[in-house]
Amino acid sequence: VQLVESGGGLVQPGGSLRLSCLASGFRFSSYFMTWYRQAPGKERELVAGISSTGGSTNYADSVKGRFTISRDNAKNTVTLQMNSLKPEDTAVYYCRAVGARNYWGQGTQVTVSS
């Protein structure tokens with residue numbers, strides 16, 4: 001089982017990034033998929049989630065209206081489009097699969113700074 005995140009980096013405030021998570025080794029289309037983040041000195045928090053079919057999504061209040069989660073079950077990929085980024089969005093972002101078992105990716109660093 002693997003979850004491999006990509007797309008992180010350094011961006012200026014107000015900018016955008018698109019994170020991707022490529023899954024393998026399990027039935028991706030049966031799993032609820034989520035993005036979490038963990039900033040230095042803080043607990044890991046749920047950012048967004050999407051149902052197995054993609055028909056339902058949910059977001060943390062802090063990112064509503066700025067972030068969009070989506071998935072492509074044919075490509076075993078879940079994506080987090082992040083717009084209007086703020087310095088407080090700086091964190092390591094993790095992909096997590098929730099289902100019969102739970103799986104985590106290794107994380108990708110997002111830094112929002114001028």
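Residues numbered from 1 in each chain as written. Predicted model: local features only at pLDDT ≥ 70, side-chain atom pairs only at ≥ 80, totals over all residues. Heavy atoms only, no water.

A. Up close: the pairing of strand β1 (residues 2-6). The alternating pattern of β1 places L3 and E5 on a buried face and Q2, V4 and S6 on a face that is not buried. In this sheet, strand β3 (residues 17-24) lies alongside β1 in antiparallel orientation, the contact comprising 5 bridges. Each bridged residue has a counterpart across the sheet, and for Q2 the counterpart in β3 is S24. (Buried < 20%, exposed > 50% of the residue type's maximum accessible area, 1.4 Å probe, protein only. Helix = DSSP H or I, 4+ residues; strand = E, 2+ residues; numbered from the N terminus. Pairing = 2+ DSSP bridges.)

B. The arrangement of the state of the cysteines in detail. Inspection of the entire model under this criterion finds 1 disulfide. Between the sulfur atoms of C21 and its disulfide mate C95 the distance is 2.2 Å. On the sign convention where negative means left-handed, the S-S torsion of about -80 degrees between C21 and C95 marks this disulfide as left-handed. Taken together, the residues span a long stretch of sequence, with C21 in strand β3 and C95 in strand β9 (residues 91-98) at a distance of 74 residues. (Disulfide = S-S within 2.5 Å.)

C. Spotlight on the side chain of R71. With respect to the helices and strands, the residue R71 is situated in strand β7 (residues 67-72). Of the side chains with opposite charge, D72 lies nearest to the buried R71, which makes no salt bridge, at 8.2 Å. At 2.8 Å, the side chain of R71 forms a polar contact with the backbone oxygen of Y31. At 2.8 Å, the side chain of R71 forms a polar contact with the side chain of N73. (Lys, Arg positive; Asp, Glu negative; His and termini not counted. Salt bridge = Lys/Arg side-chain N within 4 Å of Asp/Glu carboxyl O. Polar contact = N/O pair within 3.5 Å; in protein donor to acceptor, adjacent residues only side chain to side chain.)

D. Representation of unusual backbone geometry within the structure. Phi angles above zero are rare outside glycine, and N76 is one such case at about 55 degrees. Summarising the element assignment, N76 is placed in the loop between β7 and β8 (77-82). For N76, a relative accessible area of 24% gives the class partly exposed.

E. Looking closely at the pattern of salt bridges. All told, the structure shown has 4 salt bridges when counted by the stated rule. Across the pair D89 and R37 runs a salt bridge whose closest N-O atoms are separated by 2.9 Å. Note that D89 is positioned in the loop between β8 and β9 and R37 in strand β4 (residues 32-38), a separation of 52 residues in sequence. When sorted by exposure, D89 lands in the same class as R37, which is buried.

F. Examining the sheet that holds β1 more closely. Read from one edge of the open sheet, 4 strands run β1-β3-β8-β7, paired in antiparallel fashion. Unpaired on one side and paired on the other, β1 and β7 mark the two borders of the sheet. If you compare each strand with its neighbour and ignore which way they point, the axes differ by 15 degrees on average. The pairing of β7 with β8 spans 6 bridges and is antiparallel. From the neighbouring strand, R71 faces β8, where its bridge partner is V78. (Axes fitted to C-alpha atoms, helices over the stretch in contact; angles between N-to-C directions.)

G. Looking closely at the nonpolar core. Membership of the largest hydrophobic core comes to 30 residues, with the highest contact counts inside it found for L3, M33, W35, V78, L80, M82 and Y93. Elements with a contribution of two residues or more to this core: β3, β4, β5 (45-50), β7, β8, β9 and β11 (108-112). Sequence-distant contacts of L3, that is, excluding residues within four places in its chain, are made with C21, L22, A23, F26, M33, C95, R96, A97, Y103, W104, G105 and Q106. (Core = buried A, V, L, I, M, F, W, Y, C linked by side-chain atoms within 4.5 Å. Contact = heavy atoms within 4.5 Å.)

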